[in-house]
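Residues per chain, in single letters:
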Amino acid sequence: MAHMALTVGFDLDMTLIDSRPGIRACYQALSERTGTYIDADLTVTRLGPPLTDELINWFPAEEVGDMAALYREMYPSIAIAATPAMTGAAEAIAAVREAGGRAIVVTAKYEPNAKLHLAHLGMEPDAVIGDLWAEQKAEALREHDAGVYVGDHVGDVRGARTAGALSVAVATGPCPPEELRAAGADVVLGDLTEFPGWLSGYRPARA
C-alpha cells in the first residue's frame with residue numbers, strides 16, 4: 001500500500017482556501033472602480049461557478065469580458081493576502097503525499113491567480129489546472145489519472161463523476177451535505193480535517 005499510485009484532485013475556492021474575504025474585497029473594489037453596484041456579500045454566498053457567471057448579474061453582457069479582465073488584473077493586489085487556507089487544507093495535501101500519491105488542484109479560478117494563492121499559503125500541489133468548471137474539470141482529472149476529486153460544490157461532484165473519479169465532497173462551501181449527496185457525491189465530509197482519516201481507510205479498500 002505504501003507504493004500505491006493515487007492522484008487526488010482538489011478544488012480551490014472553499015475547499016482548500018476560504019476565498020470569501022479576498023473575493024468580497026475585490027468585488028467591492030470593482031464596484032468602486034466602475035461605479036456599478038455589486039452586492040459583494042451576496043456574491044460570496046455562491047462561489048464555485050466561473051467569474052463571468054457572477055458578473056452577468058451586475059453588468060451588461062457586452063461588458064462582462066472587459067469586467068472579468070479588470071477583476072483579474074486587480075485581484076492579486078487585493079485578494080491574495082486577504083485569503084486564508086481552509087482548516088485542514090495543508091494536512092489533506094500532506095496525507096496524499098504520505099500515502100505515496102500525487103495531489104493536484106483543478107479549479108474554475110483563473111489559473112495564474114490560483115497559483116498565487118497556493119504559493120502565498122505555502123501549498124505545493126503537483127499540478128495546478130485552472131479555468132475549468134463542473135464537467136469541464138473531467139478533462140484535467142482524466143489527463144492526470146485522478147482517482148479521487150475533492151470539492152465543495154455540486155459542480156465538483158459532476159466533474160468527478162464525469163471523469164469516473166470518486167467524488168469526495170466537503171460541506172464547507174455553498175452546498176449543504178444533503179445537496180451534495182443528492183448530486184451524487186460518494187463521500188461527504190464535514191471539512192478537510194476529516195480527509196486524512198478517510199484516506200487512511202480508503203487505501204486498503206483500493207489495494
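Structure shown above.
Right, let's walk through the structure included here. Keep in mind that what you see is a predicted model, and the values were worked out from it rather than measured. (Residues numbered from 1 in each chain as written. Predicted model: local features only at pLDDT ≥ 70, side-chain atom pairs only at ≥ 80, totals over all residues. Heavy atoms only, no water.)

### Let's talk about unusual backbone geometry
Most peptide bonds adopt trans geometry, and most residues besides glycine take a negative phi value. Residues other than glycine seldom take positive phi values, yet Met 14 does so here, at roughly 65°. Considering the arrangement of structural elements, one finds Met 14 in the loop between β1 (7-10) and α1 (20-34). Not every positive phi belongs to a glycine, and Ala 134 is a case in point at roughly 55°. Along the chain, Ala 134 falls in the loop between β3 (127-129) and α7 (137-143). Overall, Ala 134 belongs to the buried group, its relative accessible area being 1%. (Helix = DSSP H or I, 4+ residues; strand = E, 2+ residues; numbered from the N terminus. Buried < 20%, exposed > 50% of the residue type's maximum accessible area, 1.4 Å probe, protein only.)

### What about the nonpolar core?
By size, the foremost hydrophobic cluster in this structure holds 29 residues, and its most contacted members are Phe 10, Leu 16, Val 150, Leu 192, Phe 195, Trp 198 and Leu 199. Elements supplying a minimum of two residues to this core: β1, α5 (89-98), β2 (102-106), α6 (111-120), β4 (148-151), β5 (166-170), β6 (187-189) and α10 (195-206). Among the elements that line this core, the one with the most residues is α5, at 5 residues. If we ignore the near neighbours within four places in the chain, the residues touching Leu 192 are Phe 10, Thr 15, Leu 16, Thr 87, Gly 88, Ala 89, Ala 92, Val 150 and Val 170. Formed by 24 residues, the second largest nonpolar core is a distinct cluster that contains Tyr 27, Leu 47, Ala 68 and Ala 79. (Core = buried A, V, L, I, M, F, W, Y, C linked by side-chain atoms within 4.5 Å. Contact = heavy atoms within 4.5 Å.)

### Overview of the pairing of β5
By the criterion of burial, β5 is predominantly enclosed, with 4 of the 5 residues buried. Both β4 and β5 contribute to a ladder of 4 bridges, which runs parallel. When the bridges of β5 are listed, Val 148 appears paired with Leu 166. Once the chain exits β4 it traverses helix α8 (residues 154-163) before rejoining the sheet at β5, and the crossover so formed is right-handed. (Pairing = 2+ DSSP bridges. Right-handed = clockwise from strand over helix to strand, strands pointing away.)

### Some thoughts on α1
Its 15 residues give α1 an end-to-end C-alpha distance of 21 Å, which sits within 8% of 21 Å, the value for a rise of 1.5 Å per residue. Among all positions of α1, only Gly 22, Ile 23, Cys 26, Tyr 27, Ala 29, Leu 30 and Ser 31 are buried. On its buried side, α1 packs onto α2 (40-43), α3 (51-55) and α4 (61-79). Positive backbone phi, approximately 75°, marks Gly 35, located one or two places after α1. (Expected span 1.5 Å × (residues − 1).)

### Here's the deal with the packing of α1 against α4
Interaxial distance between α1 and α4 falls to 9 Å at its minimum, and their mutual angle equals 125°. In terms of axis orientation, α1 runs oblique to α4. Read as a crossing pair, α1 and α4 show a hand that is right-handed. Counting all contacts with α1, which are made through Gly 22, Ile 23, Ala 25, Cys 26, Tyr 27, Ala 29, Leu 30, Arg 33 and Thr 34, the residues of α4 involved are Met 67, Leu 70, Tyr 71, Met 74, Tyr 75, Ile 78 and Ala 79. Class assignment for the residues of the contact of α1 with α4 results in 13 nonpolar, 2 polar and 1 charged. (Axes fitted to C-alpha atoms, helices over the stretch in contact; angles between N-to-C directions. Parallel < 35°, antiparallel > 145°, perpendicular 65-115°, else oblique. Left-handed = near helix turned anticlockwise from the far one by under 90°. Nonpolar A, V, L, I, M, F, W, Y, C, P; charged D, E, K, R; others polar.)

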